[in-house]
Amino acid sequence: MKIEEKIVGAVEAAIKELYGQQVPASMVQLQETRAEFEGQLTLVVFPFLKMSRKKPEDTAREIGEYLVGKVPEVVSRFNVIKGFLNLTINPAQWIDLLQEIRQDQQFGFVPVTEESPLVMIEYSSPNTNKPLHLGHVRNNLLGWALANVMQANGNRVVKTNIVNDRGIHICKSMLAWLKWGNGETPESSGKKGDHLIGDYYVAFDKHYREEVARLVAQGMDEEQAKQEAPLIREAHEMLVKWEQGDPEVRALWKRMNEWVYAGFDQTYKALGVAFDKIYYESETYLEGKEKVEEGLQKGLFYRREDGSVWADLRPEGLDEKLLLRSDGTSVYMTQDIGTAKLRFQDYPIDKMIYVVGNEQNYHFQVLSILLDKLGFRWGRDLVHFSYGMVELPNGKMKSREGTVVDADDLIATMISDARQMSADKVNKLEDITDEEAQEIARIVGMGALKYFILKVDARKNMLFNPEESIDFNGNTGPFIQYTYARIRSILRKAAEQGIEVPDSLPAAAEISDREISLVQHLYGFKAAVRQAGQDYNPSQIANYCYELVKEYNQFYHDFSVLREEDADKKLFRLALSAAVSQVVKNGMGLLGIEVPERM
RNA sequence: GGUUCGGUAGCUCAGUUGGAUUAGAGCAGCAGCCUUCUAAGCUGCGGGUCAAGGGUUCGAGCCCCUUCCGAAUCACCA
């Protein structure tokens, strides 16, 4: 049993015996004792004053005496400061706790079984007309991390992606490619497929704007010009042909999408994310129409005179929402309904989480209500994991204005910076091959990028300054990775010296406060994982890892491990170090960040 | 205007169900520490009216109300 649980139980008994009252466990507040006082755990006695009808100090002393009297094997001493009862815990308890953590490779994780709830997480969800940028990177990293966190909390997780592969934006790229592409392919130009398509999307926009400007100069109203520019009309014609299944258009569409997917796969692989099931909007949008028709027949929705279909959400405090256009084509919402239908056919989903930017908060509020009305049992409680935008120093990223941070560029830069960084190091590693150095640079560069994004509270907007780029010092991924590598180095050396840490540690006579504090921190991993799962917030894991490692670093500089004379202490510190590295590895693993054995 | 979300050091961000005279990191600035388990590190200094005001209570950065500032959204776009 954990130390905290033992004490909570004893305190409950104390209150019962001393004051004759039954208190709920939640009233027993235990926290770490502040460094300036003696003790490791502190009980806050204020909540019990109403029962004891005594001063805080007296109440604390009574409870303290009771604990030392009844559970001396746990609480060896106590002191009272104001309403705070500081408890000194028997060292053997801390050793037990460390053992428990060390012997459970999956410490902090709830096992997943066949009966565990099935959670589906949708993330990434790219458009196929342009390459991924920093905003997508945030989405992908958050989605992946959240999936890991949900799984660590005992859920069966299905990671899914809905690819937005149809619509006017694709037609724009296709049209531009037909007009100005001269048959360019990824092979002929050496460009990554998604970038190639993105370039034509930009080209379309450029020519289109020129056309609009020309029409306006000729005296046309701007709104009208935007609708009547020949290019946009052509794109619309192409979209109609696509919907009609025109073989030529479909063939081109298919071919260009393949290029894009090949490009995306490369980026996903570099980011270390993957999916269990991918849906394509071209396959789901018709399902949505069907579902809307069904709702129409059930009287959930209504049709206007022009033929458009609407849902009236005013009773829910929202507005009316369009579900089908007057020409019968579907809108975004329709597609999401269709996708939901297919997903539910494929998996018995208990909970659905959508990782989508906060600009779509309203959309998901509406979607939740609509899915609920349509009878999806997880509709009402669907989670929109809403994250903030990535901002640049001079405002937001706008692909049309070219103020984007391209994902592939960023990844490449991070890795080469990491490579440079290790080359500049004074004590660089000897005897490693070029491949190993490159692999370390990849792990460290990606770790820097991932940690930089994941340490920030997901729902907040975050700022990325490309000029300053991403740091490798301080509160960063590489700092954590570095500490891990150092611990692994110590463990390797210990093994070389033939030192093995036994399953049962000798009871060291004396454990320093810093060591106890580390054990407590390690145990806190469990709470951090649970909290992150409840709040859908991977950033808590990131910050947990940083604080643990920060503390270990201070420990590292004040204490020696291998050079410790006392054999028992040495073993204890080795075990402690090993446990830190294990928890760090697991924590970073949840974030999708690898840790290197050397760096 | 309605709705939702934010506001903590010069900058980027933490702050776990409300807890202890002194609200924490990192970056940037200054000063120290590598014949010692990896210096991508450690130590010290300076830097704050936690947007403002009120309330709840033993106790508020955190909970409630009002105001100010910022963002997103409110399309037959996705």
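The structure displayed is predicted, hence computed values, not measured ones. (Residues numbered from 1 in each chain as written. Chains lettered and ligands numbered in written order. Predicted model: local features only at pLDDT ≥ 70, side-chain atom pairs only at ≥ 80, totals over all residues. Heavy atoms only, no water.)

### Observations regarding the overall build of chain A
Here is step 1 of the chain: Looking only at helices and strands, chain A features 20 helices and 15 strands.
Here is step 2 of the chain: Each principal axis of the C-alpha distribution contributes one length, and for chain A these read about 90 × 65 × 45 Å.
Here is step 3 of the chain: Burial analysis of chain A (599 residues in total) assigns 52% to the buried set.
Here is step 4 of the chain: A sequence separation of at least 24 residues applies to 75% of the contacts in chain A between residues at least 6 apart.
Here is step 5 of the chain: Summing over all exposed atoms, chain A offers an accessible surface of approximately 28000 Å²; the carbon and sulfur share of this is 48%.
Here is step 6 of the chain: Between the centroid of the 72 positive side chains of chain A and the centroid of its 90 negative side chains there is a distance of 2 Å. (Helix = DSSP H or I, 4+ residues; strand = E, 2+ residues; numbered from the N terminus. Buried < 20%, exposed > 50% of the residue type's maximum accessible area, 1.4 Å probe, protein only. Contact = heavy atoms within 4.5 Å. Areas by Shrake-Rupley, 256 points an atom, 1.4 Å probe, with all protein chains shown as cover. Lys, Arg positive; Asp, Glu negative; His and termini not counted. Charge placed at Lys NZ, Arg CZ, Asp CG, Glu CD.)

### Let's talk about the domain arrangement of chain A
Here is step 1 of the chain: Here the domain parsing of chain A yields domain 1 (3-89), domain 2 (164-273) and domain 3 (422-432 + 457-590).
Here is step 2 of the chain: Centre-to-centre separation of domain 1 and domain 2, based on C-alpha positions: 69 Å. (Domains from an automatic or database assignment.)

### Focus on the nonpolar core
Here is step 1 of the chain: By size, the foremost hydrophobic cluster in this structure holds 155 residues, and its most contacted members are I63, L67 and I121.
Here is step 2 of the chain: Contacts of I63, omitting those with residues within four sequence positions, involve A14, I15, L18, Y19, L43, V45, F48 and L85.
Here is step 3 of the chain: M352, V366, W378 and L382 belong to the second largest nonpolar core, which has 30 residues in total. (Core = buried A, V, L, I, M, F, W, Y, C linked by side-chain atoms within 4.5 Å.)

### Points about the environment of D566
Here is step 1 of the chain: Here D566 shows up in the loop between α19 (539-558) and α20 (567-590).
Here is step 2 of the chain: Judged by its relative accessible area of 35%, D566 falls in the partly exposed class.
Here is step 3 of the chain: Among the polar contacts listed, one links the side chain of D566 to the backbone nitrogen of D568, at a separation of 2.9 Å. (Polar contact = N/O pair within 3.5 Å; in protein donor to acceptor, adjacent residues only side chain to side chain.)

### Some remarks on the pattern of salt bridges
Here is step 1 of the chain: Evaluated as defined, the whole model comprises 32 salt bridges.
Here is step 2 of the chain: We note a salt bridge from R419 to D434, for which the minimum N-O separation is 2.9 Å. Here D434 lies in helix α16 (residues 434-454) and R419 lies in helix α15 (residues 407-424), a separation of 15 residues in the sequence.
Here is step 3 of the chain: Where R442 meets E594, a salt bridge forms, and the shortest distance between an N and an O atom there is 3.3 Å. (Salt bridge = Lys/Arg side-chain N within 4 Å of Asp/Glu carboxyl O.)

### Quick notes on the pairing of strand β4 (residues 84-89)
Here is step 1 of the chain: A large share of β4 lies buried, amounting to five of its six residues.
Here is step 2 of the chain: One ladder, built from four bridges, connects strand β2 (residues 41-44) with β4; its direction is antiparallel. Of the residues in β4, the one forming a bridge with L43 is L85.
Here is step 3 of the chain: Here six bridges tie strand β3 (residues 75-81) to β4, and the two strands are oriented antiparallel to one another. Its bridge partner being in β4, R77 is matched across the sheet by T88.
Here is step 4 of the chain: In this structure, the hairpin formed by β3 and β4 is closed by a connection of two residues, where K82 is found at a positive phi of approximately 50°. (Pairing = 2+ DSSP bridges.)

### Observations concerning the protein's contact with RNA strand B
Here is step 1 of the chain: Near RNA strand B there are 67 residues, and of these D306, D457, Y482, Y546 and F559 occur at the shortest range.
Here is step 2 of the chain: Between RNA strand B and Y556, the relevant distance is 2.4 Å, taken from a base nitrogen to a main-chain nitrogen or oxygen of the residue.
Here is step 3 of the chain: Looking at the surface near RNA strand B, the elements that each hand over two or more residues are β1 (29-32), β2, β4, α14 (361-373), α15, β15 (462-463), α17 (477-496) and α19.
Here is step 4 of the chain: Residues belonging to the surface near RNA strand B are distributed by class as follows: 26 nonpolar, 23 polar and 18 charged. (Near = heavy atom within 4 Å. Nonpolar A, V, L, I, M, F, W, Y, C, P; charged D, E, K, R; others polar.)

### Regarding the packing of aromatic side chains
Here is step 1 of the chain: Within this structure, the stated rule accounts for 20 aromatic pairs.
Here is step 2 of the chain: Between F344 and F376 the ring centres are 6.2 Å apart and the planes differ by 75°, which places this aromatic pair in the edge-to-face class. One end of the pair, F344, is in helix α13 (residues 332-346); the other, F376, is in the loop between α14 and β12 (383-387), and 32 residues separate them in sequence.
Here is step 3 of the chain: Judged by relative accessible area, which is 5%, F376 ranks as buried.
Here is step 4 of the chain: A network of ring pairs unites the aromatic residues Y123, F264, Y268 and F275 as a single cluster.
Here is step 5 of the chain: Over the face of the ring belonging to W253 we find R250, whose NZ or CZ atom lies 5.6 Å from the ring centre. (Phe/Tyr/Trp six-rings, centres within 6.5 Å; stacked < 30°, edge-to-face > 60°. Lys NZ or Arg CZ within 6 Å of the ring centre and 35° of its normal.)

### Examining α19
Here is step 1 of the chain: Taking 1.5 Å per residue, 20 residues should reach 28 Å; α19 reaches 29 Å between its end C-alpha atoms and fits that length.
Here is step 2 of the chain: Of the positions making up α19, those classed as buried are S539, I541, A542, Y544, C545, Y546, L548, V549, E551, Y552, N553 and F555. (Expected span 1.5 Å × (residues − 1).)

### Remarks on a negative patch on the surface
Here is step 1 of the chain: The grouping of E430, D431, E435 and E436 at the surface amounts to a negative patch.
Here is step 2 of the chain: According to the relative accessible area criterion, E430 is exposed, its value standing at 60%. (Patch = residues over 30% accessible without salt bridge, like charges linked within 9 Å, V, L, I, M, F, W, Y side chains within 5 Å.)

### Some points on helix α6 (residues 168-180)
Here is step 1 of the chain: Between the first and last C-alpha of α6 there are 18 Å, a value that for 13 residues agrees with the 18 Å anticipated at 1.5 Å per step.
Here is step 2 of the chain: Within the sequence span of α6, burial applies to H169, I170, C171, K172, S173, M174, L175, A176 and W177.
Here is step 3 of the chain: Residues of α6 that are buried make contact with α8 (193-217), α10 (230-243) and α11 (247-271).
Here is step 4 of the chain: Taken from the residues just after α6, N182 is the one with a positive phi, measuring 50°.

### Re unusual backbone geometry
Here is step 1 of the chain: Notably, R53 is not glycine yet its phi reads approximately 55°, a positive angle.
Here is step 2 of the chain: Mapped onto the fold, R53 is located in the loop between α2 (49-52) and α3 (56-70).
Here is step 3 of the chain: Assessed through its relative accessible area of 74%, R53 is described here as exposed.
Here is step 4 of the chain: You will see that S124, though not glycine, has its phi angle at about 80°, which is positive.
Here is step 5 of the chain: Following the sequence through the fold, S124 ends up in the loop between β5 (118-122) and α5 (134-152).
Here is step 6 of the chain: Note on S124: relative accessible area 4%, which makes it buried.

### Some words on the sheet that holds strand β10 (residues 320-324)
Consider a sheet: its strands pair through backbone hydrogen bonds, and that pairing is either parallel or antiparallel.
Here is step 1 of the chain: Taken together, three strands build an open sheet; the order of strands is β8-β9-β10 and the sheet is antiparallel. Single-partner strands in this sheet number two, and they are β8 (302-303) and β10.
Here is step 2 of the chain: Relative to strand β9 (residues 309-312), β8 runs antiparallel, the two being bridged by two bridges. Each residue of the ladder has a partner; that of Y302, found in β9, is W310.
Here is step 3 of the chain: Along the sheet, helix α12 (residues 281-297) makes contact with β8, β9 and β10, crossing β10 at roughly 125°. (Axes fitted to C-alpha atoms, helices over the stretch in contact; angles between N-to-C directions.)

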